[in-house]
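A closer look at the structure
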Amino acid sequence: MSEYLDIRPLTKAAFASFGEVIEADPASMRLINGGTTERFHALAVAEATGEGARVIINLFRGQPRSFPYAVDMMERHPFGSQSFSPVSGRPFLVIVSEDENGRPGRPQVFLARGDQGVNYGRNVWHHPLMALGQASDFLVVDRDGPDNNLEEFFFETPFIIKEPAL
Ligand SMILES: NC(=O)N[C@@H](O)C(=O)O
Ligand code: NI
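In the annotation of an unreviewed UniProt entry, the entry for the protein chain reads Ureidoglycolate lyase, and the organism field reads Rhizobium vallis. Of the protein chain, the UniProt comment under Sequence similarities (unreviewed entry) reads exactly: "Belongs to the ureidoglycolate lyase family."

If you want it as structure tokens, here you go:
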């Protein structure tokens, strides 16, 4: 019997054990360029490990997910972090899990606003991109290089997410 997952608002505090929230946090703001630009400094750190690894910048165009949605798998990237920042200004779902002896624990679901991004820390369990409502573009900063940077885990019984109220 599948369990339903609740959806919570994305906040720095709730997401802290999984990575960083990329948003215009006043505490990180520095005025630059003669006061014409607000720099929200060092919101997250991109990590790429291993010989020959590099940090790359990508665009992902995610197709909207249908609901109710079955979360039947999680993945992680053992050699690098991965960030998603909306460039279409649309909300999206962020699904993460704590690690429990090498497998993902119960997924936690967050609704990210269209002005929030996330940076998954290296080796943090997460679900692939979950765009909502219409095709949405995301700036993605992650790791390129040798070695397989993708580990997937498939649940015996999927977890279900109902359509989020936007
Ligand atoms: N495969 C890929 O580049 N994307 C996934 O890692 C993802 O988290 O969406
Ligand atoms: Ni990923």
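**Quick look at the pattern of salt bridges**
Across all of its chains, the model carries ten salt bridges by this definition. Note that Arg-122 is salt-bridged to Glu-47, the shortest N-O span being 3.2 Å. One end of the pair, Arg-122, is in the loop between β12 (117-120) and β13 (125-126); the other, Glu-47, is in the loop between β4 (37-40) and β5 (54-62), and 75 residues separate them in sequence. For Arg-122, a relative accessible area of 38% gives the class partly exposed. Two residues, Arg-76 and Asp-99, come together in a salt bridge whose shortest N-O distance is 3.2 Å. Placement of the pair is Arg-76 in strand β6 (residues 69-76) and Asp-99 in strand β9 (residues 99-100), with a sequence separation of 23 residues. Classification of Arg-76 by relative accessible area gives buried; the value is 9%.

**Some thoughts on the site of ligand 1**
Looking at ligand 1, the residues that line it are Phe-60, Glu-75, His-77, Gln-82, Phe-84, His-126, Pro-128 and Leu-129. One of the side-chain nitrogen or oxygen atoms of Glu-75 is found 2.6 Å away from an oxygen atom of ligand 1. Interatomic distance of 2.9 Å between a side-chain N/O atom of His-77 and an oxygen atom of ligand 1. Here the shell around ligand 1 is built from residues that sort into four nonpolar, three polar and one charged.

**Looking at the coordination of the nickel ion (ligand 2)**
Coordination of the nickel ion (ligand 2) by the protein is provided by Glu-75 (OE), His-77 (NE2), Gln-82 (OE1) and His-126 (NE2), with metal-donor distances spanning 2.1 to 2.2 Å. Relative to the metal, the six donor atoms surrounding the nickel ion (ligand 2) lie at angles of 77 to 176°, and the coordination shape comes out octahedral. Counting residues between consecutive donors of the nickel ion (ligand 2) along the chain gives the motif E-x1-H-x4-Q-x43-H. In this structure Gln-82 comes out as buried when scored by relative accessible area, which is 7%.

**Here's the deal with the nonpolar core**
Ranked by size, the top nonpolar core spans 17 residues in total, and within it Phe-15, Phe-84, Val-94 and Val-118 carry the most contacts. Mapped onto this core, the elements with two or more residues apiece are β8 (92-97), β11 (108-112), β12 and β15 (136-144). A per-element tally of this core places β8 first, with three residues. Those residues within four positions of Val-94 in sequence are excluded, and the remaining contacts are Phe-15, Gln-108, Val-109, Phe-110, Ala-112, Val-118 and Tyr-120. Within the second largest apolar cluster, 15 residues are counted, among which are Leu-5, Leu-93, Trp-125 and Met-130.

Rules used throughout
Residues numbered from 1 in each chain as written. Chains lettered and ligands numbered in written order. Predicted model: local features only at pLDDT ≥ 70, side-chain atom pairs only at ≥ 80, totals over all residues. Heavy atoms only, no water. UniProt positions renumbered as here; feature names shortened; annotations may be inferred. Salt bridge = Lys/Arg side-chain N within 4 Å of Asp/Glu carboxyl O. Helix = DSSP H or I, 4+ residues; strand = E, 2+ residues; numbered from the N terminus. Buried < 20%, exposed > 50% of the residue type's maximum accessible area, 1.4 Å probe, protein only. Near = heavy atom within 4 Å. Polar contact = N/O pair within 3.5 Å; in protein donor to acceptor, adjacent residues only side chain to side chain. Nonpolar A, V, L, I, M, F, W, Y, C, P; charged D, E, K, R; others polar. Donors = N, O, S within 2.8 Å, 3.2 Å for Na, K, Ca; no water. Tetrahedral: all angles 85-135°; square planar, octahedral: opposite > 155°, others 65-115°. Core = buried A, V, L, I, M, F, W, Y, C linked by side-chain atoms within 4.5 Å. Contact = heavy atoms within 4.5 Å.

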